[in-house]
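Examination of the molecular architecture
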Amino acid sequence: LDYAKILKNLGSEVTIVFRGASPKKALEKTGLDKDLTAALVSDLRRSGVSFAKSSTCTDFQVPPPSTSGGKRRPLSITLVPTDKDKQNQEARIVKFDAYLAAVGR
């Protein structure tokens, strides 16, 4: 989460993927205080950080390097809903220039 705020302040678009429906509850599971968690999530939202809730990554695509020396092609991940009520929704493909994975402690 530290890097989400730093990268957003440097001008990047940032999306945090949570398997659960509530970022607050997910962060509370790590041992953070309830009030601190609420303030942190609120601050990230105000900063423009996006949340992909109730999602899990099922595919990660890295395109081969360009042979013409042109602009690098974007990476992509496929996000599918983890919420049983939303499993009939289609998967969503998100494209990006860089990927940072943080999987907890």
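Look a little higher up for the structure.
For the structure given in this document, a descriptive report is provided here. The structure displayed is predicted, hence computed values, not measured ones. (Residues numbered from 1 in each chain as written. Predicted model: local features only at pLDDT ≥ 70, side-chain atom pairs only at ≥ 80, totals over all residues. Heavy atoms only, no water.)

**A look at the overall build of the chain**
From N to C terminus, the chain includes 3 helices and 5 strands. Counting from the amino terminus, the chain carries its helices and strands in the arrangement α-β-α-α-β-β-β-β. If one aligns the C-alpha atoms of the chain with their principal axes, the spans along those axes are about 50 × 35 × 25 Å. Counting every position in the chain, which comprises 105 residues, the buried fraction comes to 20%. (Helix = DSSP H or I, 4+ residues; strand = E, 2+ residues; numbered from the N terminus. Buried < 20%, exposed > 50% of the residue type's maximum accessible area, 1.4 Å probe, protein only.)

**Focus: the packing of aromatic side chains**
The full count for this structure, using the stated rule, is 4 aromatic pairs. Plain terms: the ring middles of F60 and Y99 are 4.8 Å apart, the flat faces sit at 65° to each other, and that makes the pair edge-to-face. Here F60 is found in strand β3 (residues 55-61), whereas its partner Y99 is found in the segment after β5 (92-96), with 39 residues between them in sequence. By relative accessible area, which is 35% here, F60 ends up partly exposed. Among the residues examined, Y99 registers a relative accessible area of 44% and is labelled partly exposed. Site record: aromatic cluster; members linked through ring pairs are F60, F96 and Y99. (Phe/Tyr/Trp six-rings, centres within 6.5 Å; stacked < 30°, edge-to-face > 60°.)

**Details of the environment of K53**
Checked against the element boundaries, K53 lands in the loop between β2 (50-52) and β3. A C-alpha to C-alpha distance of 11 Å links K53 and K25, two positions 28 residues apart in sequence. Sequence-distant contacts of K53, defined by excluding residues within four places in its chain, comprise F18, G20, A21, P23 and R45. (Contact = heavy atoms within 4.5 Å.)

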